[in-house]
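# Chains, contacts and geometry: an overview
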Amino acid sequence: MQRPGEAEAAPYYFRYINQVSGDNPVNIMESQLEEALALFAGISEEASLRRYAPEKWSIRQLLNHISDNERAFGFRALWFARGFDAPLPGYDQDVAAAGAGADAVSWAAHVQEFRVVRSATISLFRNMPAEGWTRGGIANDNFVSVNALAWMIPGHSAHHVTILRERYL
């Protein structure tokens, strides 16, 4: 594994990729899982409904967004790694958030969902054949490599956990 080059993803995604240090994004995903679960354990059901400002997501919505985006990035990685070459559509986080009903789901359920999603993502990348890592394709009208997606997932999570710590807690 190596850090993605500029040609492996649209410039926007480097805001996430650049938040990941080290040389193995899967190891980062594993360490993030433990760190996130410890952080989430300190948030009560009541506190998880908090918004840091009007019209901003609640903590539940934020964690739901992390899990949903991880699924979307993971699906893109699976699609391209397995050799599919059809372009994939964009992913609108606002549509996903509006359709999720996240505040009606318990905090404990969101935390468990994050644990399961992250564990599945780790398995996907741990078991990926070497040639899968070298593939990529078009998603949201931009080329993205499987390698870049592996870095985007922990970077996106890190981005939102920073927001959680700085603005909500």
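What you see is a predicted model; the values in this text were computed from it and never measured. Per chain, the residues get numbers from 1 upward, laid out in the order the sequence is written. In keeping with the predicted nature of the model, local features appear solely for residues at pLDDT of at least 70, side-chain atom pairs appear and are counted solely at 80 or more, and the whole-chain, interface and lining totals rest on all residues. Only heavy atoms go into the side-chain values, all of them from the structure, while hydrogens and water stay out.

### Observations regarding the packing of aromatic side chains
- The rule is short: rings of Phe, Tyr and Trp, with Trp giving its six-membered ring, pair when the centres are within 6.5 Å, and they are stacked under 30 degrees, edge-to-face over 60, tilted in between. All told, the structure shown has 9 aromatic pairs when counted by the stated rule.
- The interplanar angle of 80° and the centroid separation of 5.6 Å between the aromatic rings of Phe-40 and Trp-107 together place this pair among those described as edge-to-face. Of this pair, Phe-40 sits in helix H2 (residues 25–41) while Trp-107 sits in helix H5 (residues 107–126), and the two are 67 residues apart along the sequence. Each of the two residues, Phe-40 as well as Trp-107, counts as buried.
- Measuring from centroid to centroid gives 4.2 Å for Trp-79 and Phe-84, while their planes differ by 15°, and the two rings are stacked.
- Categorising residues by exposure relies on relative accessible area from a 1.4 Å probe, with only protein chains included: less than 20% of the type maximum marks a residue as buried, more than 50% marks it as exposed, and the intermediate range marks it as partly exposed. Taking the relative accessible area as the measure of exposure, Phe-84 reaches 45% and is therefore partly exposed. Where helices and strands are cited, they refer to DSSP runs of H or I of at least four residues and of E of at least two residues respectively, numbered from the N terminus.

### Some thoughts on the nonpolar core
- What we call a nonpolar core is a set of buried Ala, Val, Leu, Ile, Met, Phe, Trp, Tyr and Cys residues that are connected through their side-chain atoms within 4.5 Å. Core analysis: the largest hydrophobic core is formed by 29 residues, its most contacted members being Ala-9, Phe-125, Val-144 and Met-152.
- Those elements giving two or more residues to this core turn out to be helix H1 (14–17), H2, helix H3 (59–81), H5 and helix H7 (146–168).
- Among the elements that make up this core, the one with the highest residue count is H7 (7 residues).
- Other than its neighbours up to four places away in sequence, Met-152 contacts Ala-9, Tyr-13, Tyr-16, Ile-17, Phe-73 and Val-144.
- Core analysis: the next-biggest nonpolar cluster, separate from the first, contains 17 residues, Ile-59, Phe-114, Leu-164 and Tyr-168 among them. Every residue pair with non-hydrogen atoms within 4.5 Å of one another is taken to be in contact.

### Let's talk about the side chain of Asn-69
- One can find Asn-69 in helix H3.
- On the basis of relative accessible area, Asn-69 is assigned to the buried category, the value being 6%.
- Within 3.5 Å is the distance limit for a polar contact, defined as a pair of N or O atoms, with the added protein rule that one can donate a hydrogen and the other accept it, and that residues adjacent in sequence qualify only through two side-chain atoms. Of note is the side chain of Asn-69, whose polar atom sits 3.2 Å from the side chain of His-156.

### Notes on the packing of H5 against H7
- As a packed pair, H5 and H7 sit with axes 12 Å apart at the nearest point and diverge in direction by 155°. Considering the angle they form, H5 stands roughly antiparallel to H7. Crossing angle aside, the handedness with which H5 passes H7 is left-handed. The residues of H7 that touch H5, namely those facing Phe-114, Arg-118, Thr-121 and Phe-125, are Val-146, Leu-149, Ala-150, Ile-153, Pro-154 and Ser-157.
- Residue polarity follows a fixed list, in which Ala, Val, Leu, Ile, Met, Phe, Trp, Tyr, Cys and Pro are nonpolar, Asp, Glu, Lys and Arg are charged, and the others, Gly among them, are polar. For the contact of H5 with H7, a count of residues per class yields 7 nonpolar, 2 polar and 1 charged. Here, axes are lines fitted to C-alpha atoms. For helices the fit covers the stretch in contact, and angles between N-to-C directions go from 0 to 180 degrees. Angles are sorted into four bins: roughly parallel if under 35 degrees, roughly antiparallel if over 145, roughly perpendicular if 65 to 115, and oblique for all others. Should the near helix be turned counterclockwise from the far one by less than a right angle, the crossing is left-handed, whereas a clockwise turn marks it as right-handed.

Keep in mind these values describe shape, not function.
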